[in-house]
Amino acid sequence: MDVTRKGFLGLAAGSLAAGAMAGRSVTATAATAKSADAVRPAHRTLIKGADIITMDPAHGEILGGDVLLDGGKIVAVGKGLTADGAEIIDARGMILMPGMIDSHRHVWEGMDNGVVAKISKTVNYYNEYKLRTMVSYTPEDAWLAQYASAIQAIDSGVTSLIDYCHIFHTAELAEQAARGLIDSGIAGTFCYQVSHSPTYKPGDTVKWDDANAMRNAPADEQHWQTVRLLQERVFTGKDGLVRFGLCASPGFSDRPMTEIRDELAKMRTFEPHIIAQHHRRSHVQRPPEVFNQFSQLGEWGLLGPDYHVSHGTGFIDEELDMCRDTGTMICATTMGEHSYPDPSVHGRARQRGVAVGIGVDGALAFTHDYFQHVRGAFYNLFRTDIGKEIASAYQGEDVLDFVTRLGARSIREDGVTGTISAGKRADMLLLKTDRINFPITGLLADRVVNYSNQPDIDTVWIAGVVRKRAGRMVGVDMAALKAKINEASTRINRDGATIRFV
Ligand SMILES: [Zn+2]
């Protein structure tokens, strides 16, 4: 099925069509989000008088500065810039910062916000939820889940992410999942997991152990065919905002190292931008011929600049150095890792030169206000003595680093996004500062890290396209979208509940 689901779902007035339209001058604070004409990729836009957190060491923070965008890129940063014929954005009294980066999110889960509250439920509860719902999605649902959840991400200031897509196992589901993400306008990498082979459906009775084995089943020919289809039909070039990636099959533990070597080698024949995999320190002792500890991947020469570790909690220094030396990236999902037995590694990883970011992870269990995750990354450091030491030397900019400059490295987009610098893609946020409890003094980064919240986001640009303006998503009928999500989520969970595990 190669048509976009947007028309089918009655959401066609959104970002896709709007992306090619022309617009006009506005004042950011006063603009009305009159949909389509505000979403065009501005040919030249001059943002005037903003207080800018560039995250570029060459510029630092600029009070009352200007940024010129041309097409999808930043072309000049400074003071007193002029540009004939450019759209002028009056940003006086507002803070301009790079768009934020989430390097590990299961985007599809945004369909079911709140269904699994991790703080009160067990891992098995989550797995059972997945076993029930993963066979209850239609391709339309897959598109909707990805589209809606990515819209939620953009609304909260996330402009690039790694989507760890670990539920849509068939070719049709995977294709629509990828299209939903792309249609949202967000940037990043869609990582299709080469796993899951469930044969049961709603209404069936299935043995719990069999269902779990199907969930953790390694890649088979069906998955490789889906990879080929995704590359032939969706990811046809290298210049799109969303790149193609893969997730390895789950449950490396106990599998022969030779099998893991062969699976990763096969994955690399498709040249994915990212190969993502969940890893945590294991406290179980297994024989050396089977996978036990992350360091074995390094010893077998399986790491590299395409390899991306989700979590890495409890990694020892040697493993972090292995990541740095091979270009392997890490994402600490610091809010979600609060309940893990080992501490998050983002502070130590950054200190040792690893490309490390942070992320939301479970979109159905944690707040989508990304500023809270940014603060969480700072507070999380205080779980360990070495983390306390690291945190005591931090300024706000060090915390923002995880979601901007360093965050870009953590999704293999170094040099593309993450700072406000000439030549970078125009991924930026404009923040309101006028509420009474937003501080008026101090470094801009300190103020944002400590006090900014999602409702402060006035404008979001991704590749120069305005996706949010005057605090509202542009070209998205939020009420209609929410109604679709509610209908689909209710139906999927109702159908999933008819499966009997024995
Ligand atoms: Zn995860």
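Scroll up for the structure.
Residues numbered from 1 in each chain as written. Predicted model: local features only at pLDDT ≥ 70, side-chain atom pairs only at ≥ 80, totals over all residues. Heavy atoms only, no water.

**Looking at the coordination of the zinc ion**
By definition of the ideal shapes, four donors in a tetrahedron about a metal sit 109.5 degrees apart, and six donors in an octahedron sit 90 or 180 degrees apart.
Alright, step 1. Looking at the zinc ion, one finds its protein donor set to be H104 (NE2), H106 (NE2), H278 (NE2) and D361 (OD), positioned 2.1 to 2.4 Å from the metal centre.
Alright, step 2. Coordination at the zinc ion comes from 4 donor atoms whose angles at the metal span 84 to 174°, giving a geometry best classed as irregular. (Donors = N, O, S within 2.8 Å, 3.2 Å for Na, K, Ca; no water. Tetrahedral: all angles 85-135°; square planar, octahedral: opposite > 155°, others 65-115°.)

**Quick word on the pairing of strand β7 (residues 158-165)**
Alright, step 1. Within β7, 8 of the 8 residues are buried, which leaves it mostly tucked inside the rest of the structure.
Alright, step 2. As judged from the 4 bridges shared by strand β6 (residues 100-106) and β7, these two strands associate in the parallel manner. Each bridged residue has a counterpart across the sheet, and for I101 the counterpart in β7 is S160.
Alright, step 3. Inspection of the sheet shows β7 paired to strand β8 (residues 187-193) by 6 bridges, in the parallel sense. Counted as the bridge partner of L161 is G188 from β8.
Alright, step 4. Note that the unit made of β7, helix α5 (residues 171-184) and β8 has a crossover that is right-handed. (Buried < 20%, exposed > 50% of the residue type's maximum accessible area, 1.4 Å probe, protein only. Helix = DSSP H or I, 4+ residues; strand = E, 2+ residues; numbered from the N terminus. Pairing = 2+ DSSP bridges. Right-handed = clockwise from strand over helix to strand, strands pointing away.)

**So, the pattern of salt bridges**
Alright, step 1. Tallied over the full model, the rule gives 31 salt bridges.
Alright, step 2. A salt bridge links D401 to R350; the nearest nitrogen and oxygen atoms lie 3.0 Å apart. Here R350 lies in helix α11 (residues 346-351) and D401 lies in helix α14 (residues 396-401), a separation of 51 residues in the sequence.
Alright, step 3. D495 is paired through a salt bridge with R494; the nearest N and O atoms lie 4.0 Å apart.
Alright, step 4. With a relative accessible area of 24%, D495 lands in the partly exposed category. (Salt bridge = Lys/Arg side-chain N within 4 Å of Asp/Glu carboxyl O.)

**Notes on the pairing of strand β3 (residues 73-78)**
Alright, step 1. Note that strand β2 (residues 61-70) and β3 share 5 bridges and pair antiparallel. Paired with L69 across the strands is I74, a residue of β3.
Alright, step 2. Taking the residues that link successive antiparallel strands as the turn, the β2-β3 hairpin has 2 residues, and the phi of G71 there is positive, at about 60°.

**Regarding the sheet that holds strand β15 (residues 361-362)**
Neighbouring strands of a sheet are bound in pairs by backbone hydrogen bonds; such pairs are parallel or else antiparallel.
Alright, step 1. Pairing in this open sheet of 9 strands is parallel, and the strands run β14-β13-β12-β11-β10-β8-β7-β6-β15 from one edge to the other. The open sheet is flanked by β14 (356-358) and β15, the only strands paired with a single partner.
Alright, step 2. Pairing analysis gives 2 bridges linking β6 to β15, with the strands arranged parallel. Looking across to β15, one finds that H106 is bridged to G362.

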